[in-house]
Amino acid sequence: MTILVTGVRGNVGSRVARKLVAVGLPVRGTARDLAAPGLPDGVEVVHAELTRPQTLQGALKGVEKVFLYTVPQGIDGFIDAARVAGVRHVVLLSSIAVTWADRDRNPIARMHLGVEEPLRESGIGWTFIRPEALATNALAWAAEIRADGVVRCPYPGSYTVPIHEEDIADVVVRVLTTDGHRSAAYSLTGPQTLTQQDQVTLIGEVLGRAARCERIPVDAARAAMEGIYPADVAETILAGQAMTDGRPAAVLDTVEAVTGRPARTFATWAADHAADFR
């Protein structure tokens, strides 16, 4: 049973691949550049791009299950190639945003629904993994924390429930390797609702020095996002932070329900990534 892991260098994909190899399963991974570093050991890596479905036929040959990143462009071509190859189950890394009331207006939700909905209708078995805030989003603060320990943000009191990428990968691997998960959608969070200031403080504690948030005007934050996010995505992020400013977010126990063990704390994530902030 070969399992295909798309984006095998990604924060989640690389961990999914390593965990599958560790339990003795044959894993094939896709990458755009086979010569670049960072490929996991024990994985057969092939060139393939989700936006170019013609590259997928060889990658999918003999594959029964797929871990898929959300790439709306080319999803119809992926589904066609997966059907031809006889793929039986696709596990999609989606987003909890698809469950929100504004999902029809939310560009992040729309992007993920652009893959979820075709998969639902494809006739191929599917499972959707929908994390809330990824703890790795905090890596955007690394340069500021390294420089002076001050993170400039418009809403230091904005809450999220950040989840460790290892926990997402553990859920994905459980879904790929055990029965009972088809046609299921799992919303995932970490174990604690934390403000941006809480997260920055925890990173500072791991580093052994003070770190704090400094409030900046929303316009300044918007300007800093230019060139990083499309304008509608930047506005969605800022609006979401405004809505959760001072409002703790819901904590879900899905990681423990699926894997049998509690989700890792943000402090654990910070310790695991301390080198990124030094």
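Q: Please clarify how the overall build of the protein chain should be interpreted in this entry.
A: Within the protein chain one finds twelve helices and eleven strands. Viewed in the frame of its principal axes, the protein chain has a C-alpha envelope of about 55 × 40 × 40 Å. In the protein chain, which comprises 278 residues, the proportion classed as buried is 50%. Taking contacts inside the protein chain between residues at least 6 apart in sequence as the whole, the part at least 24 apart equals 72%. Within the structure as shown, the protein chain displays about 12600 Å² of accessible surface, and the carbon and sulfur contribution to it stands at 51%. A gap of 3 Å separates the mean positions of the 28 positive and 32 negative side-chain charges of the protein chain.

Q: I keep staring at the layout of surface pockets and nothing clicks. Help me out?
A: If a probe the size of a water molecule is rolled over the atoms, the empty space left behind becomes visible. Space inside the second largest pocket adds up to approximately 280 Å³. Residue classes in the lining of the second largest pocket are distributed as six nonpolar, five polar and three charged.

Q: Help me understand the packing of aromatic side chains, please; the structure alone is not making it clear to me.
A: Aromatic rings in a pair are described by how distant their centres are and how their planes are angled relative to each other. Following the criterion strictly, the structure yields four aromatic pairs and no others. Aromatic pair Phe67 and Tyr69: ring centres 5.4 Å apart, planes at 65 degrees, arrangement edge-to-face. Judged by relative accessible area, Phe67 falls into the buried class, the value being 0%. Judged by centre distance (4.2 Å) and plane angle (15 degrees), the rings of Trp126 and Phe128 are stacked. Like Trp126, the residue Phe128 is buried in the burial classification. Site record: aromatic cluster; members linked through ring pairs are Phe266, Trp269 and Phe277.

Q: Even after reading the chapter, I still don't get the nonpolar core, so can you show me in this structure?
A: Side chains of nonpolar character tend, in soluble globular proteins, to be buried together. Core analysis: the largest hydrophobic core is formed by 27 residues, its most contacted members being Val16 and Ile129. Listed by contribution, the elements that provide at least two residues to this core are strand S1 (2–5), helix H1 (13–22), strand S5 (89–93), helix H6 (165–177), strand S9 (184–188) and helix H10 (254–259). It is H6 that provides the largest number of residues to this core, a total of seven residues. Beyond its immediate chain neighbours, meaning those up to four positions away, Val16 contacts Val5, Phe67, Ala169, Val172, Val173 and Leu176.

Q: What's the story with the sheet that holds strand S6 (residues 125–131) in this structure? I'm lost.
A: Hydrogen bonding along the main chain pairs the strands of a sheet, whether they run parallel or antiparallel. Here seven strands make up an open sheet; going across it, the order is S3-S2-S1-S4-S5-S6-S9 and the pairing parallel. On the outer flanks of this sheet lie strand S3 (44–47) and S9, each paired with one strand and no other. Taken pair by pair, the neighbouring strands of this sheet meet at an average axis angle of 20 degrees, ignoring direction. Sheet strands in contact with H1 are S1, strand S2 (27–31) and strand S4 (63–69), and its direction is about 160 degrees off that of S1. Against the sheet, H6 contacts S1, S4, S5, S6 and S9, and its axis sits at roughly 165 degrees relative to S6.

Rules behind the numbers
- Residues numbered from 1 in each chain as written.
- Predicted model: local features only at pLDDT ≥ 70, side-chain atom pairs only at ≥ 80, totals over all residues.
- Heavy atoms only, no water.
- Helix = DSSP H or I, 4+ residues; strand = E, 2+ residues; numbered from the N terminus.
- Buried < 20%, exposed > 50% of the residue type's maximum accessible area, 1.4 Å probe, protein only.
- Contact = heavy atoms within 4.5 Å.
- Areas by Shrake-Rupley, 256 points an atom, 1.4 Å probe, with all protein chains shown as cover.
- Lys, Arg positive; Asp, Glu negative; His and termini not counted.
- Charge placed at Lys NZ, Arg CZ, Asp CG, Glu CD.
- 1 Å grid on protein atoms, 1.4 Å probe; cavity = no way out; pocket = protein on both sides within 12 Å on 5 of 7 lines; lining within 4 Å.
- Points joined across faces, edges and corners; volume = space filled by probe spheres on them.
- Nonpolar A, V, L, I, M, F, W, Y, C, P; charged D, E, K, R; others polar.
- Phe/Tyr/Trp six-rings, centres within 6.5 Å; stacked < 30°, edge-to-face > 60°.
- Core = buried A, V, L, I, M, F, W, Y, C linked by side-chain atoms within 4.5 Å.
- Pairing = 2+ DSSP bridges.
- Axes fitted to C-alpha atoms, helices over the stretch in contact; angles between N-to-C directions.

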